[in-house]
Each structure stands twice: as structure tokens, then as C-alpha cells.
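Coordinate inspection notes
The primary structure of each chain is shown beneath.
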Amino acid sequence: MQISNAMAERMNAQVSNELGASNQYLQIASYFDGEGLFKLAKFFYDQAEEEREHAMKFVHYLMDVGAALGIAAIPATKTEIGTAENAFVMSLGWEQEVTAQINAMMDLAIQEKDYASQAFLQWFVTEQVEEVSTMENMLQIVRRSGEKNILMVEAYLTHSE
Ligand SMILES: [Fe+2]
Ligand SMILES: [Fe+2]
């Protein structure tokens, strides 16, 4: 195995974290779908796909370095979404959490002089800047429109395609 046990453990945990995020975004997508807000639904269906791709990146990396995969239990999704604002507040929180998880793995890779994992994780460092920024921007837009004018957000998403 080309990575440490500690790194393999963290990356395995990250597979679950990313799959958990994917499930959560799917849950939020279904909330918007049910509300007839199809652009917001699509935004979250797409996010769900992306998180699954992130999980797959970790799976392939684990295979490449000769580590075993063990997917831990994935917590149930939060089904109480309530409002569009809350959906984005929660999403921003999760993305910030993931950023911390990625940074912690990078810290470990640096500490272990694990250059391969540093290179692999660098993609996620950059990706998380994008993810946090996207959620911050969307939260700002949703707050500006307010729930009553949430169709403005649908229009915004239509025009920003
Ligand atoms: Fe992710
Ligand atoms: Fe993400």
C-alpha cells in the first residue's frame, strides 16, 4: 500500500462523507421538485451527481495506491428542509465542513511527506473554494429574493445557464 493506514482510513471516511452529501443534496432536490421549483431542483440534482463523482475519485485513488475500500454507515438525510434559505444555509455548512475535512487530510499528507496524496488532494482544495463560493452566492441571491419571490431565483438560474 502506497499510503499510510491513517490516510487510508481518512479517505475511506471521506467516501462516506461525499456519498452522504450526495444523498443530502438529492433530498433537497426532491424538496424543490415537490415545490415546483424545477431549476432549484436541478441545481441540487446536479450537486448530488457531483458529490458522487467526488466519492468515486477517492475510491479510484484508494484502488490506485493499493488500499482497501470499506464504506461506513451513511447517516440518514435531514428531511426537514422548510425553506429555500434553509436549504442553502445547510448546504453552505456542509461545504464548509467538507473543506475542513479536506484540509485535515492535506495536513496529514504534508506531515507524512505523502506527495502523491498531496497532489491528489490539491484538486479537492481548489474544488472546495468553488463549492463554498457557489453556496454563498446562492444563499445571497435567495436572501435577496425572499421566499415570497423565490420564482426570481428560478428566473436567475434560467438566465445564468
Ligand atoms: Fe464533494
Ligand atoms: Fe460539495
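Preceding block: the structure.
Read on for a plain summary of the structure.

Rules and cut-offs
All residue numbers here refer to positions counted from 1 along the written sequence of the relevant chain. Starting at A for chains and at 1 for ligands, labels are handed out in the order in which the entities are written. The model is predicted, so local features are restricted to residues of pLDDT at least 70 and side-chain atom pairs to those at 80 or more, both for listing and for counting; the totals for chains, interfaces and linings are taken over all residues. The secondary structure listing takes helices from DSSP runs of H or I that are at least 4 residues long and strands from runs of E that are at least 2 residues long, numbered from the N terminus. Partly exposed residues are those whose C-beta has more than 12 but fewer than 20 other C-beta atoms within 10 Å; 20 or more makes a residue buried and 12 or fewer makes it exposed, with C-beta atoms placed from the backbone. Axis definition: a line fitted to C-alpha atoms, limited for helices to the stretch in contact. Angles are taken between N-to-C directions and run from 0 to 180 degrees. Angles are sorted into four bins: roughly parallel if under 35 degrees, roughly antiparallel if over 145, roughly perpendicular if 65 to 115, and oblique for all others. Think of it this way: build a C-beta for each residue from its backbone, and any pair within 7 Å is a contact. Residues are sorted three ways: Asp, Glu, Lys and Arg are charged, Ala, Val, Leu, Ile, Met, Phe, Trp, Tyr, Cys and Pro are nonpolar, and all the rest, Gly among them, are polar. Take the buried Ala, Val, Leu, Ile, Met, Phe, Trp, Tyr and Cys residues, join any whose C-beta atoms are within 7 Å, and the set you get is a nonpolar core. Working rule for helices: expected span equals 1.5 Å times residues minus one. We call a crossing left-handed when the near helix sits turned anticlockwise from the far one by less than a right angle, and right-handed when that turn is clockwise.

**Comments concerning the overall build of the chain**
Within the chain, the regular secondary structure consists of five helices and zero strands. Starting at the N terminus and walking to the C terminus, you meet the elements of the chain as α-α-α-α-α. Its C-alpha atoms give the chain principal-axis dimensions of roughly 55 × 25 × 20 Å. Within the chain, the proportion of its 161 residues that are buried is 30%.

**Considerations on unusual backbone geometry**
With phi around 50°, Lys113 is a residue other than glycine that occupies positive phi space. Its place among the elements puts Lys113 in the loop between helix H3 (84-111) and helix H4 (115-145).

**A few points about the packing of H4 against helix H5 (residues 151-159)**
Put simply, H4 and H5 touch, their axes get as near as 8 Å, and they point 140° apart. The orientation of H4 with respect to H5, classified from their angle, is oblique. Facing H4, whose interface residues are Ile141, Val142 and Ser145, H5 presents Met152, Val153 and Tyr156. Among the residues making up the contact of H4 with H5, the classes are represented as five nonpolar, one polar and no charged.

**Observations regarding the nonpolar core**
Of all hydrophobic cores here, the largest spans 34 residues; its most connected members are Ile28 and Phe44. Only helix H1 (5-34), helix H2 (38-64), H3 and H4 provide two or more residues apiece to this core. Look past the residues within four positions of Phe44 in its chain and what remains in contact with it is Tyr25, Ile28, Ala29 and Phe32.

**A few points about the environment of Ala21**
Within the secondary structure, Ala21 sits in helix H1. The exposure class of Ala21 is buried, given the 25 C-beta atoms found within 10 Å. In this structure the C-alpha to C-alpha distance between Ala21 and Glu51, which are 30 residues apart in sequence, comes to 6.3 Å. Beyond its immediate stretch of four places on either side in the chain, Ala21 contacts Glu51, Trp94 and Val98.

**Here we look at H2**
With 27 residues, H2 extends 39 Å between its outermost C-alpha atoms, agreeing within 8% with the 39 Å of an ideal straight helix rising 1.5 Å per residue. Looking one or two residues beyond H2, the residue adopting positive phi is Gly66, at roughly 75°.

**Quick look at the environment of Ser22**
Examined against the element boundaries, Ser22 turns out to sit in helix H1. A C-alpha to C-alpha distance of 4.1 Å links Ser22 and Ala48, two positions 26 residues apart in sequence. Beyond its immediate chain neighbours, meaning those up to four positions away, Ser22 contacts Ala48, Glu51, Arg52 and Ala55.

**Some thoughts on the packing of H1 against H2**
Two elements in contact, H1 and H2, have axes separated by 8 Å at closest approach and are oriented at 165°. Classified by the interaxial angle, the pair formed by H1 and H2 is roughly antiparallel. In this structure, H1 crosses over H2, and the sense of that crossing is left-handed.

**Some thoughts on the environment of Met1**
Tracing the backbone through its elements, the reader meets Met1 in the segment before H1. Expressed as a C-alpha distance, the spacing of Met1 and Asp64, which sit 63 residues apart in the sequence, is 9.2 Å. Those residues in contact with Met1 that sit more than four places away from it in its chain are Ala8, Val65, Gly66 and Ala67.

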